[in-house]
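A look at the structure
Chain residues, written in single-letter form:
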Amino acid sequence: MLYRHFGKPIFFKMDPETAHHLVIGGLNKADLVPGGSAAMRLMYGVPETADLAVDLFGVHFPTPVGLAAGLDKNAEAVGGFSSIGFGFMEVGTVTPVGQPGNDSPRLFRLLPDKALINRMGFNNEGAEAMAERLKRLKKRRIPVAVNIGRNKATPNELAHEDYRKCIRTLYPYGDFFVVNISSPNTPDLRSLQHGSELSNLLSEVKEEMELQRAKTGTAKGLLVKIAPDVSDAELEYMVHTITEAGMDGIIATNTTLSREGLQSDKAGETGGLSGQPLRERSTEIIRRIYSQTGGKLPIIGSGGIFTAQDAYDKIRAGASLVEIYTALIYEGPEVNRRVHAGLRQLLRRDGFERLLDAVGADHH
């Protein structure tokens with residue numbers, strides 16, 4: 001209620017990107033103040049329970065709801081986000097060299113649709129800056145995934161070099177890695193999802209992960225984040241290629257270019273749409289991936305999750321973990337406690353002892 005009645009009215013009067021930076025800065029500072037993290041955990045934290053905890057990719061997730069990439073692009077507020085109920089988080093998308101991204105304005109609220117449109121364009125400070133920040137973190141309460149991409153100026157035929165550079169720089173500091181080939185805001189990036197470009201890229205990044213594993217003695221998971229705007233045939237090919245390449249999982253999905261059914265006057269803005277309008281499509285993609293792979297390739301579900309039922313629908317469709325982003329903007333950090341409490345009720349209602357028992361239940 002605190003966010004809904006006090007924080008949200010203030011933030012929603014601001015330009016969306018200004019509010020975004022204010023939140024990141026505030027969470028960073030709150031974590032640095034003595035007792036700040038404890039206070040945030042008291043207000044918004046979600047205690048670990050055996051029924052909701054998940055082990056995947058060699059990583060323990062204390063709770064199944066994570067923060068999607070795009071909010072903390074430079075790993076500035078890992079401590080703060082770790083204290084408000086998330087079970088894991090993605091940082092990035094990060095590129096080898098820092099870049100400003102696209103021109104402003106580039107972030108828009110679609111209030112009637114409970115959605116956002118962004119055309120940020122991988123604005124970030126670069127892999128070295130992120131590595132320094134993650135290196136300074138003395139204690140990490142939740143797993144941190146590093147979401148990696150290519151620089152805007154890098155042509156697709158050299159994209160693998162950018163992804164490999166990010167892995168080399170950040171391998172010691174990420175708990176697992178996510179290959180982002182699905183943002184609509186970097187020119188031609190999405191074409192990396194198709195044909196030989198996809199298999200060649202995944203072969204290169206897998207090779208780099210193996211080199212780093214041998215060098216450090218520690219194996220880490222590698223996932224691919226895919227777009228929702230694909231045909232059935234394209235999705236089938238992508239999933240087959242991702243599986244054959246030995247990836248550890250898929251994040252489904254990134255933002256959409258679809259504008260179907262929108263009511264907001266901002267619907268004509270270019271960029272990727274996130275939030276409630278994406279909910280059903282991302283769940284359908286999860287269902288198809290699970291069916292094609294027989295549930296053998298772990299899925300993190302992302303897109304339009306605002307309630308426990310939204311999360312549960314994705315879990316029953318085949319997701320082992322889920323992520324939120326837009327719901328945090330609209331509902332505030334209270335959303336995590338509500339989703340987790342609701343998930344426990346839904347599991348009990350359907351006779352499941354643990355969340356993992358419900359994964360893919362719609363297929364059985």
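This is a predicted model, so every value here is computed, not measured.

What counts and how
- Residues numbered from 1 in each chain as written.
- Predicted model: local features only at pLDDT ≥ 70, side-chain atom pairs only at ≥ 80, totals over all residues.
- Heavy atoms only, no water.
- Phe/Tyr/Trp six-rings, centres within 6.5 Å; stacked < 30°, edge-to-face > 60°.
- Helix = DSSP H or I, 4+ residues; strand = E, 2+ residues; numbered from the N terminus.
- Buried < 20%, exposed > 50% of the residue type's maximum accessible area, 1.4 Å probe, protein only.
- Lys NZ or Arg CZ within 6 Å of the ring centre and 35° of its normal.
- UniProt positions renumbered as here; feature names shortened; annotations may be inferred.
- Contact = heavy atoms within 4.5 Å.
- Arc of directions from axis to C-beta.
- Patch = residues over 30% accessible without salt bridge, like charges linked within 9 Å, V, L, I, M, F, W, Y side chains within 5 Å.
- Areas by Shrake-Rupley, 256 points an atom, 1.4 Å probe, with all protein chains shown as cover.
- Salt bridge = Lys/Arg side-chain N within 4 Å of Asp/Glu carboxyl O.
- Pairing = 2+ DSSP bridges.
- Axes fitted to C-alpha atoms, helices over the stretch in contact; angles between N-to-C directions.

Attention now moves to the packing of aromatic side chains. Taken as a whole and judged by the stated rule, the model has eight aromatic pairs. Considering the side-chain rings of phenylalanine 57 and phenylalanine 176, the 5.4 Å spacing of their centres and the 40° angle between planes classify their relative orientation as tilted. Of the two residues, phenylalanine 57 is situated in the loop between β1 (54–56) and β2 (59–61) and phenylalanine 176 in strand β10 (residues 176–180); the sequence distance between them amounts to 119 residues. The pair formed by phenylalanine 57 and phenylalanine 176 is uniform in burial state, with each residue classed as buried. Arranged with centres 5.9 Å apart and planes meeting at 5°, the rings of tyrosine 171 and phenylalanine 177 form a pair that is stacked. For the pair shown, tyrosine 171 and phenylalanine 177 are each scored as buried. An aromatic cluster is built from Phe57, Phe61, Phe88 and Phe176, whose rings are joined through pairwise contacts. Over the ring of phenylalanine 12 we find arginine 109; its NZ or CZ atom is 4.5 Å from the centre of that ring. Sitting over the ring of tyrosine 171, lysine 220 keeps its end group 5.0 Å from the ring centre.

UniProt feature "active site" (unreviewed entry): in the numbering of this structure it lies at Ser183. In this structure, serine 183 is in contact with Phe122, Leu189, Arg190 and Asn254, ignoring residues within four places of it in sequence.

The next subject is helix α5 (residues 127–136). Inspection of α5 places Ala127, Met130, Ala131 and Leu134 among the buried residues, and these make up the whole buried set. Take α5 and look down its axis: the buried residues cluster within an arc of 100°, on one side only. The exposed residues of α5 that point more than 90 degrees off its buried face are Glu128 and Arg136. For α5, the secondary structure elements touched by its buried residues are α4 (78–81), β4 (88–94), β8 (124–126), β9 (144–148) and α6 (159–170).

What follows covers a nonpolar patch on the surface. Taken together, Leu2, Phe6 and Met43 make up a surface patch of nonpolar side chains, about 320 Å² in accessible area. With respect to the helices and strands, phenylalanine 6 occurs in helix α1 (residues 2–11). With relative accessibility at 56%, the residue phenylalanine 6 sits in the exposed group.

On to the UniProt feature "domain: Dihydroorotate dehydrogenase catalytic" (unreviewed entry) in the protein chain. Listed under "domain: Dihydroorotate dehydrogenase catalytic" (unreviewed entry) in the UniProt record, and renumbered for this structure, are residues 52–347. Between the C-alpha atoms that bound residues 52–347 the distance is 9 Å, and the span itself is 36% helix and 21% strand.

Whether parallel or antiparallel, the strands of a sheet pair through hydrogen bonds between backbone atoms. Strand order in the open sheet formed by three strands is β6-β7-β13, with antiparallel pairing between adjacent strands. The open sheet has two edge strands, β6 (107–110) and β13 (272–275), and neither has a second partner. Along the sheet, successive strands turn relative to each other by an average axial angle of 25°, direction set aside. As paired elements, β6 and strand β7 (residues 115–118) share four bridges and run antiparallel to each other.

Locating leucine 27 in the fold gives a position in helix α2 (residues 16–32). Classification of leucine 27 as buried rests on a relative accessible area of 11%. Expressed as a C-alpha distance, the spacing of leucine 27 and glutamate 76, which sit 49 residues apart in the sequence, is 8.7 Å. The residues touching leucine 27, leaving out its near neighbours within four places in the chain, are Met40, Ala77, Gly80 and Phe81.

So, about the environment of histidine 20. With respect to the helices, strands and loops of the structure, histidine 20 is situated in helix α2. For histidine 20, a relative accessible area of 12% translates into the label buried. A C-alpha to C-alpha distance of 9.5 Å links histidine 20 and leucine 107, two positions 87 residues apart in sequence. Ignoring sequence-local partners within four residues, the contact set of histidine 20 consists of Gly70, Leu71 and Tyr325.

Quick look at the pattern of salt bridges now. Scanning the entire structure with this criterion turns up 25 salt bridges. We note a salt bridge from aspartate 310 to arginine 279, for which the minimum N-O separation is 3.5 Å. A residue pair is termed long-range when its members are at least 10 positions apart, and aspartate 310 in helix α10 (residues 308–317) and arginine 279 in helix α9 (residues 279–293) qualify at 31 residues. Using a relative accessible area of 26% as the deciding quantity, one classes arginine 279 as partly exposed. As a salt-bridge pair, glutamate 284 and arginine 288 come within 2.9 Å of each other at their nearest N and O atoms. Of this pair, glutamate 284 and arginine 288 both sit in helix α9, four residues apart, roughly one helical turn. Take arginine 288: its relative accessible area is 34%, and that puts it in the partly exposed class.

Of the two faces of β6, the one carrying Leu107 and Arg109 and the one carrying Phe108 and Leu110 are both buried. Following β6, the chain reverses through four residues before pairing antiparallel with β7; lysine 114 in that reversal takes a positive phi of roughly 50°.

With parallel pairing, the eight strands of this closed barrel are ordered in space as β3-β4-β9-β10-β11-β12-β14-β15. On average, each strand axis in the sheet is tilted by 25° relative to the strand beside it, whichever way the strands run. Where β4 meets β9, five bridges bridge the pair, whose relative direction is parallel. Bridge pairing in β9 places methionine 89 opposite valine 144.

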